Every structure is written in C-alpha cells, then in structure tokens.
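Structural overview
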Amino acid sequence: MEAQKKTRDRDYVFHNLTVSLCPTCLNRVMAKVIIKDGSVYLLKRCEEHGEMTSLLEEDAEYYLSTPQYNKPGTKCKVQTEIKFGCPFDCGLCPDHEQHGCIGLIEVTNFCDLKCPNCYASSGVGDFLTMGKIEKMMDFLIDSEEGEGEILQISGGEPTTHPKVLDILRLAKSKSFKCVMLNTNGLRIAEDESFAKALGEFRGGFEVYLQFDGFKESTYEDLRGKDLLAIKKKAIQNLAKYKVPMTLVATVKKGINDDEVGDIVKFAMDTKFIRGVNFQPIAFFGRLSSTADPVTRVTLSGIINRIEKQTKGELKKSDFVPLPCHPDKIALTYLFKEKDKYIPITRKIDVRNKLSLINNTMAFRAEDLLKESLLGLWSASTVMSSAKALKELSCCIPLNLGSLTQDERMEYVDENTFRISIVSFLDGYNFDLKSIKQECIHFVTPDLKKIPFSTYNLIHREHGAK
Ligand code: SF4
Ligand code: SF4
C-alpha cells in the first residue's frame, strides 16, 4: 500500500499561482509556483508555444523567507494609465507598488565594447544633449516628490560621452542622495587624468565598475575578450585618486559562479572598493536566444555560493532581503573590526528594524549605526540604545562626530563594506507579483520611468545587434 501511495504523489509541492510571460511571444500566461528538490520553479503553458519550466530560485528555504520582509511600498508620481494590463502599461502606471530606489539615465547607447551578454544590445548610438539629460534628471526628482535617491549615469558606455564630466557635475548639483557612474572601466584604465577628474565628485559619488572575475575564460564569455588587466588598472587609477567604487559582477552558471567568493575577498582587501553588487545573468537583448532557464544562477544560489566559497566567513544568514523588493534584492553590510569585516546583521537584528529601513537602496550601514546612536531604537525589545552603543562600539570611532567631512569619508571608505545581489526578471522567471515592486527604473528621454526588467524585456528597442 505504501509503495502504491508514493507513486501517486506528485514529485513537487504546488506552492502558489502567479502570472508570467511566454519567453517566445511575451504573452501573459498563468504559472504555477512549485517547489521541487529544494528549489522553486514556474510551470507555465502558452497556447502557442506549449509547456515550459523555469527556475525561479535555487534555494526554496530562502525564497519562502522573503515575504516576512515585505512592508508597504512608497508612492511616487505616475506617467501612464492602466490600459493593456501589466507589464504593458509601463510606466510607471498607477498599478506599480514601489517608487524608484535607483533611477538610470542612459546618456548614450554607444559602447566601446560589444559584450555578448549586453542586456542593452549596446554598440552604436547617439549622445543625449545636456539639455535633455537635465530634463530627465529634473523629471526623476519631481517624480519622487523632490526626493531623488540614487541616480546612475549609464549607457551604453557613459564615459564615451564627450560631456560626461559635465553630466556628473550637473547630477551632483541636483538633490540626489548619491550619483553613480556605471562603467566598463576602459577609459578609467587608459586615461589616468579622467580617473583624477572623477576625484572631484567624492562624497555621495561612486563608480559602479563592471568586474566579473579573474579568469580569462570569464571575460571571453561575458565580454568577448580578456579584460582583467584593464579592470585592475581601472581600480588602481580610481584608488590613486580616492574615488570610491562598487564592483558589479554579472554571474553566469558554469562561467564565473565559482568566482563569487574570490571577488568578495579581493574587493574587501582593496582600498576604496566600497562593495560588490552581484547580478545573476538575465536573458535580455543579445542573450535571449541562449537562455538556460532551468539551470541558471539565481539570487539565493549566489548567497549560498558566497557562503561556500568564503568557507563560512560570510553566511547565508548574514544576507537580508531588502524590504523594497524582498524577493529580488538581498544585501548585507559589514564593518571592520580588528582588521576583519563583520556583517552588521551579527550585531543588529535587522529583521526587527524594518520600519526604520526606508524603501531605499541608499540606506547605508553608517545610517543604521547613526540611528542606533540617536536612540531611535530605544523602544526595541532586542536592543536598547545603551546596549546598541556597547555592541556597536567595535565598529565606530569614538570621535566620529568630531571628524572633518573628509576624515569621515575616509573612515567610511576604509571600514564599511556592502554586498548586494540584485536579480532581474526576464521572459523565463517573470513573476507579475514581483515586477510590481521593482524599484530600479530607467528614465526615458520621453520622460517615463520604466522598471529595469520590463524595459529590457518589452519596451527597449534592441537596436545594435
Ligand atoms: S511593471 Fe509596473 S509600471 Fe509596468 S505595467 Fe506593471 S505595474 Fe505598471
Ligand atoms: S554590457 Fe556594458 S560594456 Fe558591455 S556592451 Fe553593454 S553597455 Fe557596453
């Protein structure tokens, strides 16, 4: 009887139901969210293109933990009406649940590389005028009710724009909390005077530097040629002029998923690298025809690889889903304690502090500390202010308040570190519930804000192949 019963059981647990897309025709299809062998999959069926299975998360335990980090979204101004239904009304339309934590302005589609995995299919393209760029910046700030969060100057390759320094100067003159320059690093490596010029933007500025690993084969696959020496030269030039940077790694199964631990260690050991951002590869643009939807790397898979490859120095439990988009962004902050980085999650129970973490990616480790010190957590059952002070005394210099702005920046540059993992939705892992919370938005020249994933999947014109 027992053997007979087992054969009648399905080999998965039916967990939930959502709406996804057919990756071929991009029509909406119903999708079952199922859990099988410890991973989460979407089972979907398109009337025209048949049944398909897509991996949603490698680690079901992590996936199931994310809803507890959900909190009310932040409103912002919208630009379109609800007409065709999500995801075809971007955007933003009134149905979107989350404001923009990061706004991207692509100042050109031109690029001096032609990466096989470029989500923007960049290559050729024009340069936006200063007038147009300023309109886009002002629109972004206005759409966020005057409170600009992070602005990323992006492309194509933005450093090929003849006025890139003027663009950064303009961005810094606006009320953004932080301005970032997304770059492949070629110009920074080849032109030291450009790296020096970036030094003028220190304080609320970072270079978001593409850096995928150390193996020649990694760069050959992801970028079309070996770029490691160029990346290292770019880092050296930026460090020379004290320009803070975050390394940004696209992670692809079988290519560089064995390098995430080494990337973290290298970044922690290198001055002026403030953090690492990992992005599981998404199948947009030139890559959409080469997808491996069932064996791909996912956010939770990267966390588990970091734990394994750092031999437990960083643990899965150190990473926290970000409340603004909990199932697609995870992060941890670290502080230096006796020359060793310690995740702040081991000092503070961030899970009980969600109301203090605004819907923002601009929230920094030093902000968490500041709020503790200001006694904002005094009502906490977990940690009183006095206790917070005691527990955090390892992480902050006693004279922090009396340091000059430059000294404080230097302290933060040398003693804090951030690891984030941001996952995007393509035609395979698309989940309608999740896309409505996506908080990384493109600002388009016709003044719309479009979520990163739907822009690359549906709304972008993939011109240069
Ligand atoms: S993704 Fe957001 S902005 Fe786009 S259609 Fe859906 S709800 Fe609207
Ligand atoms: S991924 Fe970045 S560096 Fe590579 S082609 Fe696209 S825009 Fe250029």
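Scroll up to find the structure this text is about.
These notes cover the structure that comes with them. (Residues numbered from 1 in each chain as written. Chains lettered and ligands numbered in written order. Predicted model: local features only at pLDDT ≥ 70, side-chain atom pairs only at ≥ 80, totals over all residues. Heavy atoms only, no water.)

Here's the deal with the packing of aromatic side chains
Throughout the structure, instances matching the rule amount to 11 aromatic pairs. An angle of 20° between the planes, with centres 5.2 Å apart, marks the rings of Phe442 and Phe452 as stacked. Separated by 10 residues along the polypeptide, Phe442 in strand 15 (residues 440-443) and Phe452 in helix 15 (residues 452-459) bring together distant segments of the chain. Note on accessibility: Phe442 and Phe452 belong to one class, buried. Aromatic pair Phe442 and Tyr455: ring centres 4.5 Å apart, planes at 40°, arrangement tilted. One end of the pair, Phe442, is in strand 15; the other, Tyr455, is in helix 15, with 13 residues separating them in the sequence. Phe442 sits in the buried class, given a relative accessible area of 1%. An aromatic cluster of three or more residues is present, and its members are Phe284, Phe424, Phe442, Phe452 and Tyr455. (Phe/Tyr/Trp six-rings, centres within 6.5 Å; stacked < 30°, edge-to-face > 60°. Helix = DSSP H or I, 4+ residues; strand = E, 2+ residues; numbered from the N terminus. Buried < 20%, exposed > 50% of the residue type's maximum accessible area, 1.4 Å probe, protein only.)

Description of the site of ligand 2
By nearness alone, 10 residues border ligand 2, and Cys111, Cys115, Cys118, Gly156 and Gln210 come closest of all. Within the shell around ligand 2, the residues separate by chemical class into 4 nonpolar, 4 polar and 2 charged. (Near = heavy atom within 4 Å. Nonpolar A, V, L, I, M, F, W, Y, C, P; charged D, E, K, R; others polar.)

A word on unusual backbone geometry
The step from Cys86 to Pro87 runs through a cis peptide bond, and the omega angle for that step is 10°. Within the element layout of this structure, Pro87 appears in the loop between helix 2 (60-65) and strand 5 (102-106). Between Gly91 and Leu92 the backbone carries a cis peptide bond, its omega angle lying at -15°. Of note, the phi angle at Glu145 is positive, near 55°, even though the residue is not glycine. Counting through the fold element by element, Glu145 comes out in the loop between helix 3 (130-143) and strand 6 (150-154). By relative accessible area, Glu145 is classed as exposed at 53%.

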